[in-house]
Every structure is written in C-alpha cells, then in structure tokens.
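Read off the chains here:
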Amino acid sequence: MKRWREAECKRVHDPFYAGDGRKVAVNPVEIDGKCIRVLGPIIVGGGPSGLAVAACLKKKGIPCVVLERANCVASLWQLKAYDRLRLHLPKKFCQLPLMPFPSWFPTYPTKQQFVAYLEAYAREFGIRPRFDEAVVAAEYDAVVGFWRVKTAVVNQGREEGGREYMCRWLVVATGENAEAVVPGFDGAGDFKRPILHTSLYKSGDAFRGKRVLVVGCGNSGMEVCLDLCHHGAHPTIVVRDSVHILPREMLCRSTFGLSMWLLRWLPVRAVDRLLLLAARLLLGDTAKLGLPRPQLGPLELKLRSGKTPVLDVGTLEKIKSGAIKVRPAIKKLMEHGAEFTDGRSEGFDAVVLATGYKSNVPYWLKPSVGQEQEFFSEKDGLPRRAFPHGWKGERGLYAIGFTKRGLMGASLDATRIAEDIERCWKAEVKTTMAFACPPTRQAQE
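Residues numbered from 1 in each chain as written. Predicted model: local features only at pLDDT ≥ 70, side-chain atom pairs only at ≥ 80, totals over all residues. Heavy atoms only, no water.

The name given to the protein chain in an unreviewed UniProt entry is Flavin-containing monooxygenase, with Musa troglodytarum as the source organism. Taken directly from UniProt, the Catalytic activity (unreviewed entry) text for the protein chain runs: "indole-3-pyruvate + NADPH + O2 + H(+) = (indol-3-yl)acetate + CO2 + NADP(+) + H2O". In its Sequence similarities (unreviewed entry) section, the UniProt entry covering the protein chain states "Belongs to the FMO family." (UniProt positions renumbered as here; feature names shortened; annotations may be inferred.)

Rendered as structure tokens:
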C-alpha cells in the first residue's frame, strides 16, 4: 500500500514518471479552459539560441514549449540571409551545446550547412517548436505567480486569433536580430528605383549590370558588395563611420582563434596592437581607401560597444582595384541616384540597406503593473546588465542571444539558464511532493 501511494504521488507530480521507474516523454502542456498551462518554461524564439536552451533543458528532463513566429527553425538564416553567407568564425566557436558540427563540415560552414546542422540539432533533442505563433504580449501575473503569454497565429503573414499560455519560467530567445533596421533618408520618396534591406537580398544575380548603392560597411555590407561583383554588378559602398577591417586568417590561424589565444597571456590593448600591426602589413592602410579605423582597438571596441570588426574575405581587393567604390554618408536620395556629404552625386539603379537588425522585446514584453521594465532596456531591447550578467532576471525571466558575442555567448547562456531552471524545478517538485505525500504514521513514529 505504501509503495502504491508513493507511485501515485510521483505519477501526479513528475510529468516523466511511468509508474515502474521509467521516464517517458509527455505533452508538456495542460489545457485549462482557454488558457494553456505549460509545465516547464516557455521559450520565445526558435533560432539557434532558443534551440540551445531547449536542448539543455531536454537533457535534464525538463519539458518546455518553444514558440516561433515563422514556419521554420532559424528563420533569420533560412528566410532572411543571402545565399553566399558563411559563418564568419570557425565552426568550433559556433557549435551549440551537446552536439558538435560534423567533422566533414568545412572550417567556415555555408548557410545551407548551418541550417542543416540546426535542423538535425532539433531532431536530435526532440525539439518541436510551435510554428506560426507570434508572441504579442507577455506579462508577469503577481497574483498567481505565473507568466501570461499571449500569441497570435500567423497565417500568410497576417496575425489571426491566438492563444494564451501560463508558465512559471519565461526564456526570451528572440535575440539581437529580430527586426530589420531601416533608416530614413532625405528624398527617399523621390527615388524611383528599388530600396531593399539585406533581409530581402538573396543574390547579386538579380542586379547583373546594374549600379547598386550598398549602405553599411559591416560584414554583411562588405559581403553583399563582393557578391554583387561576382555577379557582374557595379557596387558602391557607403561608409558613414570608422570601421576595423582585419584579415579573416593570420599566421595560418583564424584571426578570432588567434585573438582568443593571445588574450590568455596578454591584456586586450596589447592584443589589439598586435592585430592592427598584422592588419597593416597584410591589408595596408585602409584609411587611404576611405575606410578610417576607430580610435579604440578592435577587441576593446567590441567589449565596450559590441561593434564587430569586419573579417575580410576578398572585398578589400575589389575596393583596391576599383571594382567597388567607397563613398561617405548620403546627404539625400534623388529620383535616379544619390548625393553624398562630400558634394558628389551619382546615379544608381538600386539601394541595398546593410544596416543591421534590432531587438523587438520592448514591443511585446510588458512590465508589471505600476512598474518599469527592470530587466530589458526599453531603448534598445537588450538586457540592462552587460555580459556575463545579462542572462537572468527576476520572477523566472531569462534572456539568451543578447550577449553581442554570437553563438558562443548563446551557448554559455543556454547552459546557465538550464542549470538554474533545473534547480528551481527540483525545488518546486520537492515542495509539491511534501504537501501531496505527507509522511505515514509509521514514518512519523
């Protein structure tokens, strides 16, 4: 009788208990009227960050629900990335927890290979996101001690209907690149040719023989210019600010890997001086090409502002040869071209905006009644506390993918989040078991 009583308690309070000591997978949700209660965390976002934390939780036997507004995992990579994109860093710095890249993948996997890896990752850990569900509001309900998450079902790009979930833990995994940044320009309405963000750019083949103005000189802007050259277009890149350009590899090693190794022995500024000396020897003086360097070194600038240096994959040679022109900031757009701040005017057939992305958290994560948003900044949608302290908030709120340290930072946060939730999960199950299964009279005696 005592053994039967213990088994029943475990069956009620452990969602993976089968009755004979085995663990079985079950649906991690309970439907209570119109509200869906999730037994474990809700993870908002089915990109690499969301998959990473879901896998770490699954490994610990904790159920979770992943909500993804698109119809696939890693929608930024699958739907909004240009075809020639590769990982900018070697694969060993980009793999997610618990599953390395296949050994036969190249050092810098292609977009297609990375997507295949992420899809295999989801299958390996049994992660099945709820696709086409966009989170429109999430708010902590202090009365019941749960997060209320409201979603809208996405149908052909339109939000219809929706559901409401309740959960003890909420993991924000929408990341730094949720929405495209589209700056305004004087005269944009007068320009009669296409203006598109890189999220809509796939290949330079559509621009063959055309004059294309690329706005933005980060890694994406530089690679789009190179892609346009390879497809017979005539690109011009707008450089509005200073930029660090480094070779992708130095001394037969990746620049990133070499930097990480040097940082084990030298301070940041010393490593920066070595990197800039090597870059000057290998690439020359970029300022003469219209690409001035910032005052701070590349690593110090990355640590302070999150701005990533450009890792050159061939664009600089095209600039030196004149195949890619460099121009300063745009003063205004005209009917068939642009005027720049140096007074020059040129004609263009299209404008591509390589102006990056931003967080969308302030649009849907609501502060508690009568309070300001404590964890995320309403200005930029990033955690107020810098890495490595920006992964955990209050009342079961977590963030992943906001470190400005790429996939490596997301992997570190995924491990921390899963360990913290596991600790809370075990504590709550233990407390619930104590109330539901009080000791017998014989045990009390």
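**So, the pattern of salt bridges**
Summed over the entire model, instances satisfying the criterion amount to 22 salt bridges. Salt-bridge contacts for arginine 148 lead to aspartate 141; the nearest nitrogen and oxygen are separated by 2.7 Å. In this structure, glutamate 339 and lysine 331 form a salt bridge, with 3.7 Å as the shortest nitrogen-oxygen distance. Judged by its relative accessible area of 15%, glutamate 339 falls in the buried class. A network of salt bridges, in which partner residues are shared, links Lys60, Glu422 and Lys426. (Salt bridge = Lys/Arg side-chain N within 4 Å of Asp/Glu carboxyl O. Buried < 20%, exposed > 50% of the residue type's maximum accessible area, 1.4 Å probe, protein only.)

**Comments concerning empty space enclosed by the protein**
A complete count under the given rule lists 2 cavities of 30 Å³ or more for this structure. Taken as a whole, the second largest cavity holds about 40 Å³ of empty space. Lining the second largest cavity, in full, are Val243, His244, Pro294, Pro298, Leu301, Lys307, Thr308 and Pro309. For the lining of the second largest cavity, the class distribution of residues is 5 nonpolar, 2 polar and 1 charged. (1 Å grid on protein atoms, 1.4 Å probe; cavity = no way out; pocket = protein on both sides within 12 Å on 5 of 7 lines; lining within 4 Å. Points joined across faces, edges and corners; volume = space filled by probe spheres on them. Nonpolar A, V, L, I, M, F, W, Y, C, P; charged D, E, K, R; others polar.)

**A word on the packing of aromatic side chains**
By the definition in use, this model includes 17 aromatic pairs. Arranged with centres 6.1 Å apart and planes meeting at 45 degrees, the rings of tryptophan 169 and tryptophan 425 form a pair that is tilted. Taken together, the residues span a long stretch of sequence, with tryptophan 169 in the loop between strand S7 (158–167) and strand S8 (170–172) and tryptophan 425 in helix H11 (residues 406–436) at a distance of 256 residues. Assessed through its relative accessible area of 1%, tryptophan 169 is described here as buried. Positioned above the aromatic ring of tyrosine 108 is the side chain of arginine 248, whose terminal nitrogen or guanidinium carbon lies 3.9 Å from the ring centre. (Phe/Tyr/Trp six-rings, centres within 6.5 Å; stacked < 30°, edge-to-face > 60°. Helix = DSSP H or I, 4+ residues; strand = E, 2+ residues; numbered from the N terminus. Lys NZ or Arg CZ within 6 Å of the ring centre and 35° of its normal.)

**Re unusual backbone geometry**
Between phenylalanine 387 and proline 388 the backbone carries a cis peptide bond, its omega angle lying at 10 degrees. Looking at the element boundaries, proline 388 is found in the loop between helix H10 (361–364) and strand S23 (397–399). One non-glycine residue with positive phi stands out, namely alanine 74, at about 50 degrees. When you line up the elements, alanine 74 lands in the loop between strand S4 (65–67) and helix H3 (75–79). Of the residues examined, alanine 74 reaches a relative accessible area of 2% and is grouped as buried. Unlike most non-glycine residues, lysine 404 shows phi in positive territory, near 60 degrees. With respect to the secondary-structure elements, lysine 404 resides in the loop between S23 and H11. The exposure class of lysine 404 is partly exposed, given its relative accessible area of 30%.

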